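Listed here are the chains, written in short residue letters.
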Amino acid sequence: MNKVWKTLMVPVVVVLILCVPAFSQEPSKPVYGVIEELDVKVPMQDGVLLSANIYRPDAQGQFPVIVQRTPYGNGGKDNRGGHFWAERGYVMVVQDVRGKFESQGEWRPFIDEGKDGFDTIEWLGRQPWSNGRVGSSGGSYVGFTQWMLAPLGSSFLKAMFPTVASGNCYEIAYSGGAFLLSLMTGWGTVVSAQPGEKVNDYPWQELFKRLPLSTWDTGIGREIPFMRAWVEHPTEDAYWAPAVIDGQYERIEALSFNVGGWYDIFAAATVDNYVQMAQHGKTEAIRKGQRLLMGPWAHGLSKDGSVGEMAFGKHALMSLRDLELRWFDFALKGMNNGVTNEAPIKIFVMGANLWREEYEWPLARTQFTKFYLHSQGKANTLSGDGVLSREMPGVQAPDRYTYDPTNPVPTAGGNNLFGVPIGPYDQRKVEERSDVLVYSSPVLEKAVEVTGPIKLVLYAASNATDTDFTAKLVDVHPMGYAQNLVDGIIRARYRISKKTPSLIDPGQVYAYEIDLGVTSNVFHAGHRIRVEISSSNFPRFDRNPNTGHAFGVDDVVISAEQAIYHDTEHASYIFLPIIE
C-alpha cells in the first residue's frame, strides 16, 4: 500500500526505451543557458491569476513553448524538466491549475481546465519570447488538462503529448454506470490532503466499505466538496459537460502523440482519443498526423519491464523523454527527423512480447469472433462445468449465483491505481468463489492473438430492481496460472443510457453489453481462453446495494439472486478481435 500511495503526490513520470529508425536530423542539443522566472501570474478571463514557472533559453529571439498544467506543484527553482527543454531551445512553462499551490481561485477538479487552459495558451502565444507555436505535455491529470483545452480553438496550439490520459471525465468516475470507488475516493483524498495529513496511514480497506457514499468523506474526518459532487452526479449530466470532449474532436487542429498502457486506468480512453482524432480531427493533415503508442504498462512504469506479477522484459521499456523531444522537434520546430515516415500506431503484443507497427485501430485484418458461454447450469467456480466455445448454444440451463454486497468479489489486479493490486495477477483464488462463473475454452492447439476492443453480450435476470454484472477476460497458462487481461462492469439501470437510468423488472431477462476495454495478447498453444462472470469487483467498483434507490444514499445493502442465460434464444458471448 505504501509503495502505491507514495506515487500519488507527484505527476506521473513514465520511463520508456525505444529504438527508432535513422533520420536525417539529430534531436535538439543542450546548447543554451537557462533563465528562470518563478511564480509568474497569468491572468484568466475572469480575473483569477494562475501561477506559472517559466524556464526559457538565455538568448535573444523567439522560441516554441511547451506548457504543463498541473495540480501537483509546478516544480520551483532548478526544475530539471524545465531546464532540459530550455537548454534545447524551448520555453518550458509549468503552471499550477486554479486553486492549487500559488494559483488563485477554487480548484474544482476537471471542471475549469478547458477555459483556463485556453486562456493560458493564448497568453503564452503572445509573449515576446514566444514564436507563436505552443505544445502541451504531461500525463494523467496533466494529460487530461491538454484534452480539455484542445477543442476551444487556440490558433497557437500546434501539438500535444498526452500520456495515460482521458478526454472524458465522466468515464474517469463512472464505468458502465458503476462508480470507480478506489480510484475516485483514493485520488480525491490525496489531492485534497491537508498539511500534515497522513493519508497513507488511513485504513483504506475499511474506508472503501464505508456507506453511504454521499458522506463517505466523514470517514477521514473532513468534507471533500468535489467528491460529494461526483457522487451527486452519477449520470452524464450538465455537471460533467465542461469535462467531456466527446463530439468536439472535429474542432481540434493539433497533432497529438498518445501514450498509454494496456493495464492503465485510461487504456481505452487513450486509444479512443487517438481514434477520434484520426477520424474526426479538423483537417486531413491533422487526422493523418496522429500517433498512438501502447505498451505493457500500468499508470506508471517499472524500471525492469514488470507489471503486477508478469515480466515483459527490458525490451518493453522506452525513453519517453526521447520520444517527446523527437515529437516536439518535428511538430514545433519543423525538423526533418523521420516522424512522417513511420506508422501511426505502435503496440506491444503481450504473450509474444514484441513491438509491432500498425496503421489503423481496430486492425483492418481483425476477425471479430463470438465465443459463446456454455454450461449445464453449474459454471460456478473453477471446478464448474462452464465452457467457452465458438459453437452456438442449444438448450441449456442458466447458471445461478447469489450476489451478496457484504461479501463482494475482491479486486485481484487489473487497470487500477490506488489501494488495490495493479496489473496482471493470478485469478484462481477469485475463481474458487461460488458467486463467480467460470467459462474456459478447450486447450488451444495453436496460438490465438487477440488485439483490439473487447465486448461481452450477457443475457441475465435478477430478483432486484437494480444490480451489477461484471466480466473478465483471462489467459490461462498451461500450469493453471490465470492472467487477467481486461475487465468491465454494467450497472443494470444504465444498460440503455448513461444519461437516463431505468430500473429493471425482477425476473425479466435483459441483454447487457459490457465494455471490457482494449488489449493485445497472444494466447499460446497449450493455453486456454477464459471468461469470468459475476456481480462485483470490489473495491475497483463500488458495490451495488441492489435496492434500486438513488445512488449514494444507501447505508444498508441486500442480496440479489442472479441468473445468467446461454441458450438458443439468449446466446451470451464475448466478442473477441482475433488477428489471424
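Each chain has its residues counted from 1, running along the sequence as written. For this predicted model, a pLDDT threshold of at least 70 governs which residues receive local features, and a threshold of 80 or more governs which side-chain atom pairs are given and counted, while totals over whole chains, interfaces and linings are taken from all residues. Side-chain numbers come from the whole structure's heavy atoms, not from hydrogens or water.

Observations concerning the packing of aromatic side chains
Here is the rule: rings of Phe, Tyr and Trp (six-membered ring for Trp) pair when centre to centre is within 6.5 Å. Planes less than 30 degrees apart are stacked, more than 60 are edge-to-face, and the remainder are tilted. In the structure shown here, the tally under the stated rule is 40 aromatic pairs. Ring centres 6.4 Å apart and planes at 80° place the aromatic pair Tyr 174 and Trp 240 in the edge-to-face group. With Tyr 174 in strand 7 (residues 174-175) and Trp 240 in the loop between helix 8 (225-232) and strand 9 (255-261), this pair connects stretches of sequence that are 66 residues apart. A simple rule labels every residue: compare its accessible area, found with a 1.4 Å probe on the protein chains alone, to the largest value its type can have, and call it buried under 20%, exposed over 50%, or partly exposed in between. Take Tyr 174: its relative accessible area is 1%, and that puts it in the buried class. An aromatic cluster is defined as three or more aromatic residues linked by ring pairs; in this entry it consists of Phe 84, Trp 85, Tyr 90, Phe 161, Phe 257, Trp 327, Phe 328 and Phe 330. Whether a charge lies above a ring is judged from NZ of Lys or CZ of Arg, which has to be within 6 Å of the ring centre and within 35 degrees of the ring normal. Across the ring face of Tyr 573, the terminal group of Lys 370 is positioned such that the distance to the ring centre comes to 4.6 Å. Its guanidinium or amino end placed over the ring of Tyr 510, Arg 495 lies 4.7 Å from that ring's centre, counting from NZ or CZ. Runs of E in the DSSP output that reach at least two residues are strands. Runs of H or I that reach at least four are helices, and both are numbered from the N terminus.

Observations concerning the pairing of strand 3 (residues 63-70)
In terms of residue burial, strand 3 counts as a mostly covered element, since seven of its eight residues are buried. As paired strands, strand 3 and strand 4 (residues 91-96) are joined by six bridges and run parallel to one another. Its bridge partner lying in strand 4, Thr 70 is registered against Asp 96. Convention used here: a crossover is right-handed provided that the path from the first strand, over the helix, to the second strand proceeds clockwise when the strands point away from the viewer. Crossover handedness for the path strand 3 to helix 2 (residues 80-87) to strand 4: right-handed. By the convention used here, strands pair only if DSSP detects at least 2 bridges between them.

Some remarks on the confidence of the model for the protein
Residues with a pLDDT of 70 or more make up 96% of the protein, whose mean pLDDT is 94. Confidence over residues 1-23 falls short of pLDDT 50; this stretch has 57 contacts with residues more than four positions distant or in other chains. The score called pLDDT rates the predictor's confidence residue by residue, from a low of 0 to a high of 100. Two residues qualify as a contact provided that any one of their heavy atoms is within 4.5 Å of a heavy atom in the partner residue.

Description of the sheet that holds strand 3
With respect to topology, 10 strands assemble into an open sheet ordered 1-2-4-3-5-6-9-10-13-14, the strand pairing being mixed. Each having just a single partner strand, strand 1 (34-43) and strand 14 (354-358) make up the two edges of the open sheet. Going across the sheet, the axis of each strand differs from the next one's by a mean of 20°, ignoring polarity. Bridge count for strand 2 (residues 49-57) against strand 4 is four bridges, and the pairing is antiparallel. Counterpart to Ala 52 in the pairing with strand 4 is Gln 95. On the sheet, helix 4 (residues 141-149) packs against strand 3, strand 5 (130-139), strand 6 (157-163) and strand 9 and is oriented at approximately 135° with respect to strand 5. Fitting a line to C-alpha atoms yields each axis, with helices limited to the stretch in contact; the angle taken between N-to-C directions then spans 0 to 180 degrees.

Some details on the environment of Ser 536
Within the secondary structure, Ser 536 is located in the loop between strand 23 (528-534) and strand 24 (560-565). On the basis of relative accessibility, which here comes to 7%, the residue Ser 536 falls in the buried class. In this structure, the C-alpha to C-alpha distance between Ser 536 and Thr 411, residues 125 residues apart in sequence, is 8.6 Å. Beyond its immediate stretch of four places on either side in the chain, Ser 536 contacts Tyr 403, Pro 408, Val 409 and Thr 470. Separated by 2.8 Å, the side chain of Ser 536 and the backbone nitrogen of Val 409 make a polar contact. Side-chain atoms alone can form a polar contact between residues adjacent in sequence; in general such a contact is a pair of N or O atoms within 3.5 Å, and within protein one must be able to donate a hydrogen while the other accepts it.

Examining the side chain of Ser 137
Tracing the backbone through its elements, the reader meets Ser 137 in strand 5. Polar side-chain contacts of Ser 137 include one of 2.2 Å to the side chain of Glu 324. Leave out the neighbours within four places in its chain, and Ser 137 touches Ile 66, Val 67, Gln 68, Val 142, Gln 146, Phe 161, Glu 324 and Phe 328.

Side note on helix 2
One turn of the α-helix equals 3.6 residues, which is why residues spaced by three or four share an orientation. With respect to burial, helix 2 is a largely interior element, six of its eight residues being buried. Those residues of helix 2 that fall on the buried side of the exposure criterion are Gly 81, Gly 82, His 83, Phe 84, Trp 85 and Ala 86. Looking at the buried positions of helix 2, the neighbouring elements they touch are strand 1, strand 2, strand 3, strand 4 and helix 11 (320-331). One side-chain oxygen at the N-terminal end of helix 2 lies 2.9 Å from the backbone nitrogen of Gly 81; it belongs to Asn 79. Following helix 2 by one or two positions, Gly 89 has its phi on the positive side, about 90°.

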